[in-house]
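As a plain string of letters, each chain reads:
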Amino acid sequence: MREQLNDSISMNKMYAEQLALLKTEIRAMEASEERTSRLSDNLQYDYLKNVIIKFIETDDFNALMPVLANVLAMTPEEIEEVKTKREEKMMRSPSLLRTESWKLPKMF
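Being a predicted model, the structure only gives us computed values, none of them experimental.

Attention now goes to the overall build of the protein. What the protein contains, in helices and strands, is four helices and zero strands. Within the protein, the fraction of its 108 residues that count as buried is 15%. Within the protein, contacts between residues separated by at least 24 positions form 47% of all contacts whose residues are at least 6 apart in sequence.

With that settled, the discussion passes to helix α3 (residues 61-71). The complete set of buried residues in α3 reads Phe61, Leu64, Met65, Leu68, Ala69 and Val71. Projected down its long axis, α3 shows its buried positions confined to an angular sector of 160°, all on one face. Downstream of α3 by one or two residues, Ala73 has phi in the positive range, about 50°.

Right, let's get into the pattern of salt bridges. Per the stated rule, a full pass over the model turns up three salt bridges. With a shortest N-O distance of 2.9 Å, Glu77 and Arg27 are connected by a salt bridge. Within this pair, whereas Glu77 is found in helix α4 (residues 76-92), its partner Arg27 is found in helix α1 (residues 2-39), the two being separated by 50 residues in sequence. With a relative accessible area of 33%, Arg27 lands in the partly exposed category.

In this section: unusual backbone geometry. Despite not being glycine, Ala73 shows a phi value in the positive range, around 50°. The residue Ala73 is located in the loop between α3 and α4 in this model.

Reading the values: rules and limits
- Residues numbered from 1 in each chain as written.
- Predicted model: local features only at pLDDT ≥ 70, side-chain atom pairs only at ≥ 80, totals over all residues.
- Heavy atoms only, no water.
- Helix = DSSP H or I, 4+ residues; strand = E, 2+ residues; numbered from the N terminus.
- Buried < 20%, exposed > 50% of the residue type's maximum accessible area, 1.4 Å probe, protein only.
- Contact = heavy atoms within 4.5 Å.
- Arc of directions from axis to C-beta.
- Salt bridge = Lys/Arg side-chain N within 4 Å of Asp/Glu carboxyl O.

Here you go:
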């Protein structure tokens, strides 16, 4: 009897983990679908372009990241990953994120 109870508990735990994984995958697929539909509109592309340009010009991460996240239909996990990576980069070398240190590649 105890063994059956332990098996049931293990199965429930496994199902809960699978459910969480599937929910994450569904959110990612929905975000991808929304990104595709949003970017297919030319006005949306121009808006995204302008937001990215402003982000590069000002490097105002805290003000523009929510806008970019919305326009790109980022999942909460993607937003958190971007924030974490940016914080790690800032800790290693804050000068990497200053616009004065950026060099543009030659296009022609």
